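Each chain, written out:
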Amino acid sequence: MSSIRIGPAAVLAGALVAGSAYADLPHDEIGQAKLPFPPEPHRAYIVDMEFDTMVATRVSVVDADSLRMLGMISTGGAAPATLSHDGRTVFTADLFYSRYTRGTRTDVLTAWDTSTLEPAWEVEIPPKRASTIVQRYGLTVSDDDRFVYVFNLTPATSVTVVDVQARKVAGEVALPGCILNYPAGKRRFASMCGDGSLLLVTLDDAGQEVARDKVKLFDPDHKPLIERGIANAGTYHFVTLDGVVQGVDLGGDKPRVLEPWSLLTDAERKAGWAPGGWQLLAIAPKLGRLYVLMHPEHQPHMWEDPSTQVWIYDLATHQKLGTLESPNPIWTLHATGDDKPLLLGGNIEGGLEVFDLTTGKHLGTKPKAAKTAVQILSH
Amino acid sequence: MSSIRIGPAAVLAGALVAGSAYADLPHDEIGQAKLPFPPEPHRAYIVDMEFDTMVATRVSVVDADSLRMLGMISTGGAAPATLSHDGRTVFTADLFYSRYTRGTRTDVLTAWDTSTLEPAWEVEIPPKRASTIVQRYGLTVSDDDRFVYVFNLTPATSVTVVDVQARKVAGEVALPGCILNYPAGKRRFASMCGDGSLLLVTLDDAGQEVARDKVKLFDPDHKPLIERGIANAGTYHFVTLDGVVQGVDLGGDKPRVLEPWSLLTDAERKAGWAPGGWQLLAIAPKLGRLYVLMHPEHQPHMWEDPSTQVWIYDLATHQKLGTLESPNPIWTLHATGDDKPLLLGGNIEGGLEVFDLTTGKHLGTKPKAAKTAVQILSH
Amino acid sequence: MKLLDRLFERSTRRVAETTSRRAALARIGSWIVAGSALPLLLPIDRVAGRALAAETGKPGDPGDPNSCDYWRYCSVDGFLCTCCGGTVTSCPPGVEVSQVTWIGTCRNPADGKDYIISYNDCCGKQSCGQCACTRNDSEQPMYRPFNNNDINWCMGAKSQVYNCTLAVIRGVAN
Amino acid sequence: MKLLDRLFERSTRRVAETTSRRAALARIGSWIVAGSALPLLLPIDRVAGRALAAETGKPGDPGDPNSCDYWRYCSVDGFLCTCCGGTVTSCPPGVEVSQVTWIGTCRNPADGKDYIISYNDCCGKQSCGQCACTRNDSEQPMYRPFNNNDINWCMGAKSQVYNCTLAVIRGVAN
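Definitions and limits used
- Residues numbered from 1 in each chain as written.
- Chains lettered and ligands numbered in written order.
- Predicted model: local features only at pLDDT ≥ 70, side-chain atom pairs only at ≥ 80, totals over all residues.
- Heavy atoms only, no water.
- Helix = DSSP H or I, 4+ residues; strand = E, 2+ residues; numbered from the N terminus.
- Rg over C-alpha atoms; globule rule 2.2 N^0.38 Å.
- Buried < 20%, exposed > 50% of the residue type's maximum accessible area, 1.4 Å probe, protein only.
- Contact = heavy atoms within 4.5 Å.
- Areas by Shrake-Rupley, 256 points an atom, 1.4 Å probe, with all protein chains shown as cover.
- Lys, Arg positive; Asp, Glu negative; His and termini not counted.
- Charge placed at Lys NZ, Arg CZ, Asp CG, Glu CD.
- Pairing = 2+ DSSP bridges.
- Axes fitted to C-alpha atoms, helices over the stretch in contact; angles between N-to-C directions.
- Buried area = accessible area lost by both parts, 1.4 Å probe.
- Salt bridge = Lys/Arg side-chain N within 4 Å of Asp/Glu carboxyl O.
- Polar contact = N/O pair within 3.5 Å; in protein donor to acceptor, adjacent residues only side chain to side chain.
- Nonpolar A, V, L, I, M, F, W, Y, C, P; charged D, E, K, R; others polar.

> Can you walk me through the overall build of chain A in this structure?
Looking only at helices and strands, one finds two helices and 30 strands in chain A. In summary, chain A has a C-alpha radius of gyration of 23 Å against a globular reference of 21 Å for 379 residues, a match within 12%. C-alpha atoms of chain A, sized along the principal axes, occupy 80 × 50 × 40 Å. A total of 379 residues make up chain A; the buried ones form 62% of that total. Considering only contacts in chain A between residues 6 or more positions apart, those separated by 24 or more positions represent 45%. Accessible surface, chain A: about 13700 Å² in total, of which carbon and sulfur atoms supply 53%. For chain A, the distance from the average site of its 35 positive side-chain charges to the average site of its 45 negative ones is 2 Å.

> Would you mind showing me how to read the overall build of chain C here?
Broken down by element type, chain C carries one helix and eleven strands. Taken from the N to the C terminus, the helices and strands of chain C come in the order α-β-β-β-β-β-β-β-β-β-β-β. Among the 174 residues that make up chain C, the fraction classed as buried is 72%. Counted over contacts in chain C with a minimum sequence separation of 6, partners at least 24 positions apart contribute 70%. Split by element, the accessible area of chain C, about 5100 Å² in all, is 56% carbon and sulfur.

> Explain the sheet that holds strand 9 (residues 139–141) of chain B here, please?
All names here are of chain B. Taken in spatial order, the four strands make up an open sheet running 9-10-11-12, and their pairing is antiparallel. For this open sheet the edge positions go to strand 9 and strand 12 (168–174), each flanked by a neighbour on one side alone. The sheet shows a mean angle of 25 degrees between the axes of neighbouring strands, taken without regard to direction. Here strand 9 runs beside strand 10 (residues 147–153); their pairing, made up of three bridges, is antiparallel. When the bridges of strand 10 are listed, Val-141 appears paired with Val-148.

> Please explain the interface of chain D and chain B as it appears in this structure.
Interfaces are often sized by the accessible area lost when the parts come together. The interface of chain D with chain B comprises 45 residues on the first partner and 40 residues on the second. Contact between chain D and chain B buries roughly 3000 Å² in total, counting both sides, with carbon and sulfur atoms accounting for 50%. Looking only at chain D, the three residues that lose the most surface to chain B are D:Pro59, D:Pro93 and D:Gln126, adding up to 20% of its buried area. For the pair chain D and chain B, the number of links is two salt bridges. Two residues, D:Lys113 and B:Asp24, come together in a salt bridge whose shortest N-O distance is 2.5 Å. Run the count over chain D and chain B and you get 24 residue pairs in polar contact (both at pLDDT 80 or more). Secondary structure elements with two or more residues in the side of chain D that touches chain B: helix 1 (2–23), strand 4 (90–91) and strand 11 (168–172) of chain D. The element that contributes the greatest number of residues to the side of chain D that touches chain B is strand 11 of chain D, accounting for five residues. Residues belonging to the side of chain D that touches chain B are distributed by class as follows: 17 nonpolar, 19 polar and nine charged. With two bridges connecting them, strand 1 (residues 31–32) of chain B and strand 4 of chain D associate as parallel partners. Of the residues in strand 4 of chain D, the one forming a bridge with B:Gly31 is D:Ser90.

> Sorry if this is basic, but what is going on with the pattern of salt bridges here?
When the charged atoms of two side chains with opposite charge come close together, those side chains can pair. By the definition in use, this model includes 44 salt bridges over all chains. Across the pair D:Arg107 and D:Asp114 runs a salt bridge whose closest N-O atoms are separated by 2.9 Å. Here D:Arg107 falls in the partly exposed class, since its relative accessible area comes to 32%. Overlapping salt bridges, with partners in common, bring together A:Asp28, C:Asp61 and C:Arg72 in one network.

> In this structure, what is going on with the environment of A:Trp303? I would like to understand it.
Relative to the helices and strands, A:Trp303 resides in the loop between strand 24 (289–295) and strand 25 (307–314). The spatial distance from the C-alpha of A:Trp303 to the C-alpha of A:Thr240 is 10 Å, given a sequence separation of 63 residues. With residues up to four places along the chain from it excluded, the contact list for A:Trp303 reads A:Ile226, A:Glu227, A:Arg228, A:Leu241, A:Gly276, A:Gly277, A:His298, D:Asn136, D:Glu139, D:Gln140 and D:Pro141. Of the polar contacts made by the side chain of A:Trp303, one reaches the side chain of D:Glu139; its length is 3.2 Å.

> Mind showing me how you'd approach the side chain of D:Asn148 here?
Examined against the element boundaries, D:Asn148 turns out to sit in the loop between strand 9 (132–134) and strand 10 (162–165). Given the relative accessible area of 0%, D:Asn148 is considered buried. A polar side-chain atom of D:Asn148 sits 2.9 Å from the main-chain carbonyl oxygen of D:Gln140. Setting aside residues up to four positions removed in sequence, D:Asn148 forms contacts with A:Glu227, D:Trp102, D:Glu139, D:Gln140, D:Pro141, D:Met142 and D:Trp153.

> Looking at this model, I keep getting lost on unusual backbone geometry. Mind explaining?
Only a minority of non-glycine residues have a phi that is not negative, and only a minority of peptide bonds are not trans. Note the cis peptide between B:Phe37 and B:Pro38, where omega equals 0 degrees. Within the fold, B:Pro38 resides in the loop between strand 1 and strand 2 (43–48). In this structure, the amide linkage connecting B:Thr154 to the following residue, B:Pro155, adopts the cis form with an omega of 10 degrees. Secondary-structure assignment places B:Pro155 in the loop between strand 10 and strand 11 (157–163). Here the phi dihedral of A:Met54 falls at roughly 60 degrees; this positive angle occurs in a residue that is not glycine. Mapping A:Met54 onto the fold places it in the loop between strand 2 (43–48) and strand 3 (56–63).

> How should I be thinking about the interface of chain A and chain D in this particular structure?
The interface of chain A with chain D comprises 44 residues on the first partner and 44 residues on the second. Here chain A meets chain D over a buried area of about 3700 Å², counting both sides, of which 63% is carbon and sulfur. The interface formed by chain A and chain D contains one salt bridge. Summed over the shared surface of chain A and chain D, the number is twelve residue pairs in polar contact (both at pLDDT 80 or more). The set of elements that each furnish at least two residues to the side of chain A that touches chain D consists of strand 6 (89–97), strand 14 (188–193), strand 17 (225–232) and strand 26 (320–335) of chain A. The greatest single-element share of the side of chain A that touches chain D, amounting to three residues, is contributed by strand 17 of chain A.

Following this line, the structure appears as structure tokens:
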């Protein structure tokens, strides 16, 4: 039983008899969908921890314009994901057990082709990958896509450096007392430490540590920062539990701690407003704006709670420009990097909320984009 | 920091000061729950396919009296489950991939201890296990617990015979044109064939086939049986799509096809009643009653649809004794084997519906007993 | 794979014969739309006439392939690939089509003809979870396996892990 | 395992010091009950006084351990083992307790004292899925890992796969 290709001729033949009796519809040919390259700027990758099982997890790929699913990536054990800067690769740091919930553990870094959504290659990494609610800066890429940094937590903390070019582990960098890895340029990453400093580790072209420095950033006892910051052109922006933005420029040779500024007026603070959420910060680089998930009637223990309120700030002037309101409580934010940017919010039922940042309009909700949407990425 | 055992003395000490100032609560000791042996007759094992992922699946263990969860068994790839007759073992036929959704496939039969819910042993089986919506008679045990029969579908059909005593595969029995395995005594099982016959395979004590016979049971073209029957004391009861019960006694040396009888009067049939569901039949052996999931306004394509209606029949007289009504549509039935039996129904949202079959009362619903409850078992 | 391929082709022919009889019974009946919990959920009402709208944009192939009421889905049980990054006849990116499949017979409301539809499963990633749809218009018990949709037909792919289902025209039923 | 054990014990002591300061702020505030979709869901209202009922049957340890509002759960994030076949201090059958853990400080409404609670995760079977509960009364950012509940603390068990969480009294906070 051979298949007949559906070509323009067949469609035309059908059209000629439309309205009355049709010729038999032709046999179909089975195909395989593929995504375009370069990737569309509004293609969203939603990291889905599937909290109700958390073994075989996924990254949902959704077109935020049409609110349609484009495909998915199958991951292992609440895997973090990150994108290469050249748009060609999704990296996931997967944890597999031979009997799914038990047996022999195998950790791998998997490189997925962004067009075919197939694994291009994988490399086994030390069985130390951190298992946390997935967040930015658990898995990152150097600016030139040469190295991938995997955060480990056993609970001793370290980073596994994977050489993307050689497709092998270059080494492991110990990070005593520090967490996560905030990439800075081609050969450096920072890590946030319990003493309120940033640890800066510099690598050579072989991925080996050649220098480490520390810079004091915050007071962890009296003004704790939320570790889930957001980067923009070499500068990281963090927010304190009570709404003060603390920037640090890691783009130069030496880190430069920026002047702190407040998200809130005294009146707003007194009225009970404060930041809170999971990935509670987003930056639209082409607009130079910062988006912050804000709570009314905030209490300290709500610092990771969802909200429907997003406040908009000018990154240069620190002025509040307005607010966005989501129809459903959201927990994790991401803004796209193009010049007609969208704000993407992962809502608490796994749906994706989409806002046009040029007009400030809520464009729609894609329900069931994920089961547990914890992080959103785009190229 | 050592822990202090909480004993009667500590509790007493607390009680003495109750009402005013308490002594500090003592440090706790961490324990491990274990289930009693022999197992309670109302302990329900709910096979959960987790249709929304279907990779790392589970069997939920629930106390149908208290509607509380007792624990769970982690399975692989929509695994079928069955219980040994001695109450000591849950067998699951698991399918694992080295990368969860891809990579190297490993099929195993896993034997779980019913008290600890830990795997006692496993044996690798040929990578042929049928992947279907889980049902009775995909995985069964010989009456003396010596052999486990695993149904294979590649789409060629066969049974893998596992020797429980030797903990190894005894062999494979080809079943051309036939499906599933309905155990009959210690060394025989039946399989239902597309030509309307039952194939009977007899094994020796080494698990090798020594005889095969066929008996005509039904007319697959004009009076198709639903393959999901139910056994009682060596006799299997099936129902046709239009509500005729067909029994076959496999307890003796030769199979004996019983006289068919109708679930429905002509008036009931005319009014639109017909059987339908997934595991649509249950038998409470101590009451000698058959329970059938029935549809009002039935159409042929609804033969696997859920319903809220259960009709009750006397197995000896074939008289309809009454009906049960579920608050939620149910899809899969099971009756417990004790003399105060419960009817357990898996509802379409994964909840467990519990009926007292002595009084006919609906006792309650355990919501979220599973994600996709496809089969229920008890000792 | 080649063996399975041939077995499938043989069976499809056999099935084509046996289903033409059943095709006479083909009805555009009610059906089931699955929610997140189960392959089977509550019946929904059919939107009369909707299936006749030429939403595919293909003449003679009316209806919305993203909807469970599209005519080709008369015997589907699973997630619609059209909602998962694929199309009616294309697997989503990175998901492999199974070479063995089950067969349904569906009446095309545009020409009144009964078509043989193969419901090829796409495999190698876990359940897509979108547009779950179960309709059993021409389904038969499992001893007629090639007419049965309770089987995971990923058995004909490199990985048995099920993602979503296509609805592929294989010919006219009579 | 022994190394982790010792690291845990060291850290617990350190944490006990740093949290006694925070314990002064201990509040019996609102909290979050997670549904099936997310560790965090909408806040529910607190039933006033309920936490004072001696539902555990243990003098001085009031409340219902099957409920997210039980006092020991003030910093939990996960599924309550009491709803999964275990107890407040016992893992369900076949699930192994993790030897490393995070620490919270909770005020016992019966005696007004702040207790150090270790939230040991039970591991080796996938998420129990029952009684999801998230309360962050004494949680701190991840650079204080032993006060952070966003970490899967199954790292101290044979399998990292998370099933449910205990709430174990380790001592009084001051």
